[in-house]
Amino acid sequence: MTKTNTADAAGEQPHIQVADVLDCIRTTAYRWDLGSDRIDWAKNAGAVLGEIDIAALRRGRAFALQIEPMHAADRYDGVTGNVQAAPNASHPYALQYRFLPDGKRGKTALWVEERGVCTTDYKGAPVQAQGTLRVTGDRRQRTRSQGARGDHESLRFSNRAELTGTLAKLLSTHGGRAEKGAFLLVGVNDLTRINEIYGYDAGDKVIAIVGQRLASTVLGQDCLGRFSSNKFGIVLHGCDAKDVAAVARSTMAAVERDVVSTSAGAVAATIVVGAVLLPADADTTQDAIGRALQAIDMARVGPKERLYCYDPTAPREAERKSNFAIADEVIRALNDRRIMIALQPVVNVGGHDPEFYQCLVRLRLPDGAVLDASEFVPVAEELGLSKLIDHRALELVIELLRATPNRKLALNVSALSTTDGHWVDALEALTGKDRGLTERLIVQIAGSAAISDMEATAAFVSALKNAGCKVALDNFGAG
């Protein structure tokens, strides 16, 4: 039924329905919790995105499967910033990509424009993204207007799969030895700013011209490829550190020799380069890419040089190996049920009887030795394993509450769990919503985690109180 708005006799302006406006311009909105991977959509999302069942896209992973494969990784990097940002900060993003309403085998493809803001927690890790999606055209129309953004048929460089294939081939052993070479990541600076100020057509033109200028510096069997939305990769054969530096400087000179002329005006393009020597500093494709990403981050720190070659210094490499060893041990301990709870009594001032017991997580090694939480929890948090530890600790605490009917227990949860609806679901499932158990449980939240996302923390606290638990702030005011 058509709605008609008319002005009244007093000349009052008609009321505008925001939902109608959004539908008219084919725009919807969302909020994405990166910790739980849950996406909450506006009511019109299914209709805007090609008359699809939006309930099937309540997870970020499910939504990513509906994106053109060559754009999916770029989209995630664009939303999260691809690097750890400043703590308790927010960064805007503006992206374009193909959305496939009928999946990868379907014939329908929509070009969408996504804009939003991603916020970080107290450690600088992305925790929430919220924004809008606007359908800007069908596949055929968008490809004609922005062919440079598509599959890059007119440019002389490979896609990411071909690039990594060349890298893997270089690292494959012949006669027991891998070929000598290097892997470079070239990052285009300020692409988001260029898109926002000059428009996407200008950003596409900058990418296309940078690619062409880089191609002019790549010779022989060396390979240039598109790595992500603002990065190119170069695989060099038969080179050493001096050769890498020379190639990096020649690429900078080629890219920056002139401004890029766009329909919106002249744009100055600049780049940074991160490099890793092969196979000396990386002997697998995964290591080569990971260390090149580390190197390009270091290159951005030094604006004068804008070039950094990965340096596997002993302390850094030892720390990396130690962290991975700890992470492996945490996973094995979870599988083997070697995560334990130690009880620390907490008494009132002037009394001797425990008011409650603090539950402290411990890890028992295969040889019987026991690790304190400080020896493995920080690494687990850094590598995203803390939620697994939280869930196992919750299981143990509920078992203990059942076994000791008169005892009150306090349990710490990590920052990730405070934004994870699954933790509360697990609490309800393990207790059977028995308030005789939940009313004897104190859930402790780190003060820094609480203020990093007040909205998520408030929802978490509300859910805990509804379940019957008490809530406390741990280390309040510290730091």
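Residues numbered from 1 in each chain as written. Predicted model: local features only at pLDDT ≥ 70, side-chain atom pairs only at ≥ 80, totals over all residues. Heavy atoms only, no water.

A.B. asks: Could you give me a rundown of the packing of helix 6 (residues 160-171) against helix 10 (residues 285-301), with the residues and numbers involved?
C.D. replies: Any two packed helices are characterised by the angle at which their axes cross and by the distance between the axes. The contact between helix 6 and helix 10 brings their axes to 9 Å, and the two run at 115 degrees. The handedness of the crossing between helix 6 and helix 10 comes out as right-handed. For the pair formed by helix 6 and helix 10, the contact residues are Thr164, Leu167, Ala168 and Leu171 on the first element and Thr285, Ala288 and Ile289 on the second. When the residues that make up the contact of helix 6 with helix 10 are grouped by side-chain class, the tally is 5 nonpolar, 2 polar and no charged. (Axes fitted to C-alpha atoms, helices over the stretch in contact; angles between N-to-C directions. Helix = DSSP H or I, 4+ residues; strand = E, 2+ residues; numbered from the N terminus. Left-handed = near helix turned anticlockwise from the far one by under 90°. Contact = heavy atoms within 4.5 Å. Nonpolar A, V, L, I, M, F, W, Y, C, P; charged D, E, K, R; others polar.)

A.B. asks: Break down the sheet that holds strand 10 (residues 231-237) for me, with residues and values.
C.D. replies: With mixed pairing, 5 strands are arranged side by side in an open sheet as 9-10-8-13-14. Bordering the open sheet on either side are strand 9 (223-228) and strand 14 (307-309), each of which pairs with just one other strand. Strand-to-strand twist across the sheet, computed as the mean angle between neighbouring axes with direction ignored, equals 20 degrees. Relative to strand 13 (residues 271-278), strand 8 (residues 181-188) runs antiparallel, the two being bridged by 8 bridges. Within the sheet, the bridge partner assigned to Leu185 lies in strand 13 and is Gly274. Running at roughly 160 degrees to strand 13, helix 9 (residues 241-256) makes contact with strand 8, strand 10, strand 13 and strand 14 of the sheet. (Pairing = 2+ DSSP bridges.)

A.B. asks: Give a description of helix 8 (residues 200-215) that names residues and reports values.
C.D. replies: For helix 8, which comprises 16 residues, the first-to-last C-alpha distance of 22 Å matches the rise-based estimate of 22 Å (1.5 Å per residue) to within 8%. Extensive coverage of helix 8 is indicated by the burial of 13 of its 16 residues. (Expected span 1.5 Å × (residues − 1). Buried < 20%, exposed > 50% of the residue type's maximum accessible area, 1.4 Å probe, protein only.)

A.B. asks: Describe the pattern of salt bridges, listing the residues and the values that go with them.
C.D. replies: Going through the model one piece at a time under the given rule, you end up with 14 salt bridges. Between Arg306 and Glu256 there is a salt bridge, with its nearest N and O atoms 2.7 Å apart. Here the residue Arg306 occupies a position in the loop between helix 10 and strand 14, and Glu256 occupies one in helix 9, the gap between them amounting to 50 residues. Via salt bridges that share partners, Glu329, Arg332, Asp336 and Arg338 belong to a single interconnected network. (Salt bridge = Lys/Arg side-chain N within 4 Å of Asp/Glu carboxyl O.)

A.B. asks: I'd love a proper account of the packing of aromatic side chains, names of residues and values included.
C.D. replies: By the definition in use, this model includes 5 aromatic pairs. Ring centres 5.4 Å apart and planes at 50 degrees place the aromatic pair Trp41 and Phe63 in the tilted group. Highlighted residues: Trp41 in strand 2 (residues 38-41) and Phe63 in helix 3 (residues 60-64), separated in sequence by 22 residues. Assessed through its relative accessible area of 12%, Trp41 is described here as buried. Look at Phe63 and you get buried, because its relative accessible area is 1%. Between Phe63 and Phe99, the ring centres sit 5.4 Å apart and the planes meet at 25 degrees, which makes this aromatic pair stacked. Taken together, the positions of Phe63 in helix 3 and Phe99 in strand 3 (residues 90-99) put the pair 36 residues apart, joining distant regions of the chain. Comparing Phe63 with Phe99, the two get one shared label, buried. An aromatic cluster of at least three residues, connected via ring pairs, comprises Tyr30, Trp41, Phe63 and Phe99. (Phe/Tyr/Trp six-rings, centres within 6.5 Å; stacked < 30°, edge-to-face > 60°.)

A.B. asks: How would you summarise the side chain of Arg362 if you had to cite specific residues and measurements?
C.D. replies: Note on placement: Arg362 falls in strand 16 (residues 354-364). According to the relative accessible area criterion, Arg362 is buried, its value standing at 18%. Polar side-chain contacts of Arg362 include one of 3.4 Å to the side chain of Asp372. Non-local contacts of Arg362, meaning those with residues more than four positions away in its chain, are made with Arg338, Ile339, Met340, Ala342, Val370, Leu371, Asp372, Ala373 and Phe376. (Polar contact = N/O pair within 3.5 Å; in protein donor to acceptor, adjacent residues only side chain to side chain.)

A.B. asks: I'd love a proper account of helix 7 (residues 191-198), names of residues and values included.
C.D. replies: Among the residues of helix 7, those classed as buried are Leu191, Ile194 and Asn195. The buried residues of helix 7 occupy an angular sector of 100 degrees when projected down its axis, which confines them to one face. On its buried side, helix 7 packs onto strand 3, strand 8, helix 8 and strand 12 (265-267). Immediately beyond the C-terminal end of helix 7, within one or two residues, lies Gly199, with a positive phi of roughly 105 degrees. (Arc of directions from axis to C-beta.)

A.B. asks: Any chance you could break down the nonpolar core for me, citing the residues and the numbers?
C.D. replies: Considering soluble globular proteins, one finds that nonpolar side chains tend to be buried as a cluster. Grouped together as the largest cluster of nonpolar side chains are 35 residues, with contacts concentrated most on Leu363, Leu411, Trp423, Leu427, Leu441, Val443 and Phe460. Elements with a minimum of two residues in this core: helix 11 (314-335), strand 16, helix 13 (386-403), strand 18 (409-413), helix 15 (421-431), strand 19 (441-446) and helix 18 (454-467). Here this core gets 6 residues from one element, more than from any other, and that element is helix 13. Residues contacting Leu411, with those up to four places away along its chain left out, are Cys359, Ala393, Leu394, Val397, Trp423, Leu441, Ile442, Val443 and Gln444. (Core = buried A, V, L, I, M, F, W, Y, C linked by side-chain atoms within 4.5 Å.)

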